[in-house]
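This is what each chain is made of:
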Amino acid sequence: MATPVTVYGPPLSTAVSRVLVCLLEKDVPFQLVPISMAKGEHKKPDYLKIQPFGQVPAFQDDEITLFESRAICRYIAEKNPSKGTMGLFGTNPLVKASIDQWLEAESQSFNPPSSILAFQLVFAPRMKLKQDEALIKQNEAKLVKVLDVYENRLGESRYLAGDEFTLADLSHLPNTQYLVEKANRAELFTSRKNVGRWWDEISSRPSWKKVVEMQNAPPQ
Ligand SMILES: N[C@@H](CCC(=O)N[C@@H](CS)C(=O)NCC(=O)O)C(=O)O
């Protein structure tokens, strides 16, 4: 039997949960090495050998190690084309380009304001850090503009890259979950008809529900 792949990092991390949901969609067995960020385990020399920036996640498949959650997701989808959800990373160059385009939109346009908001609104209070109201306002305004573009796009197609659920949609799950469920910002999504419909659909996938369960499980 093949050795399961290994994901290093806690499920509460948005970047780790992106990889976990991808593995579940593709039905790829994995083991999780939680890595305590509170204890600084992500900055230890042994860990830096597989993630030189000292961030989570890191990923291992036999002798291959990778970092960067979106690159890891592309690898998982490419390596397992006939397992689990088909078409996560497309089957022809044009579809792949469309998926890549929206994956880039997620990483370059959606992630910057949404990750700042998730940090300021969810993690800063948990870490007893002072929230930066100006930064929150500024990034809410940026996110509104991004979501207006998404609203138009999702009026034309069921999912971001077309009629099928792909890595482009999957990549939005982690930050959106925090904003909708933990940061009291659901309205940003639900007040937009198409974005609200899309969010209901992608967040109801069994793979994502399982990741949320892992996030909510009490620490071992
Ligand atoms: N672009 C990276 C981002 C990774 C990242 O920012 N991870 C955060 C947790 S979500 C982290 O490790 N933060 C600790 C640090 O930067 O020291 C990816 O997608 O994998």
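None of these values were measured; they are calculated from a predicted model.

Caption draft 1: Focus on the pairing of strand E2 (residues 30-33). With four bridges joining them, strand E1 (residues 5-8) and E2 adopt parallel strand pairing. Across the sheet, residue Tyr8 finds its bridge partner in E2, namely Val33. What joins E1 to E2 is helix H1 (residues 14-25), and the crossover it makes is right-handed.

Caption draft 2: Layout of the packing of aromatic side chains. Taken as a whole and assessed by the stated rule, the structure comprises eight aromatic pairs. Centre to centre, the rings of Trp102 and Tyr150 are 5.7 Å apart; their planes meet at 85 degrees, and the pair counts as edge-to-face. Of this pair, Trp102 sits in helix H4 (residues 93-126) while Tyr150 is found in helix H5 (residues 133-156), placing the two residues 48 residues apart along the sequence. Where Phe110 meets Tyr150, the ring centres are 6.0 Å apart and the plane angle is 20 degrees; that geometry is what we call stacked. Taken as a pair, Phe110 in helix H4 and Tyr150 in helix H5 lie far apart in primary sequence, 40 residues in all. The rings of Trp102, Phe110, Tyr150 and Trp198 are connected pair by pair, giving a single aromatic cluster.

Caption draft 3: Looking closely at the side chain of Asp61. Looking at the element boundaries, Asp61 is found in strand E3 (residues 58-61). A distance of 2.6 Å separates polar atoms of two side chains, one belonging to Asp61 and the other to Tyr75. What Asp61 contacts, discounting residues up to four positions off in sequence, is Val5, Tyr75 and Lys79.

Cut-offs used in this document
Residues numbered from 1 in each chain as written. Predicted model: local features only at pLDDT ≥ 70, side-chain atom pairs only at ≥ 80, totals over all residues. Heavy atoms only, no water. Pairing = 2+ DSSP bridges. Helix = DSSP H or I, 4+ residues; strand = E, 2+ residues; numbered from the N terminus. Right-handed = clockwise from strand over helix to strand, strands pointing away. Phe/Tyr/Trp six-rings, centres within 6.5 Å; stacked < 30°, edge-to-face > 60°. Polar contact = N/O pair within 3.5 Å; in protein donor to acceptor, adjacent residues only side chain to side chain. Contact = heavy atoms within 4.5 Å.

Purely geometric numbers; function is a separate question.
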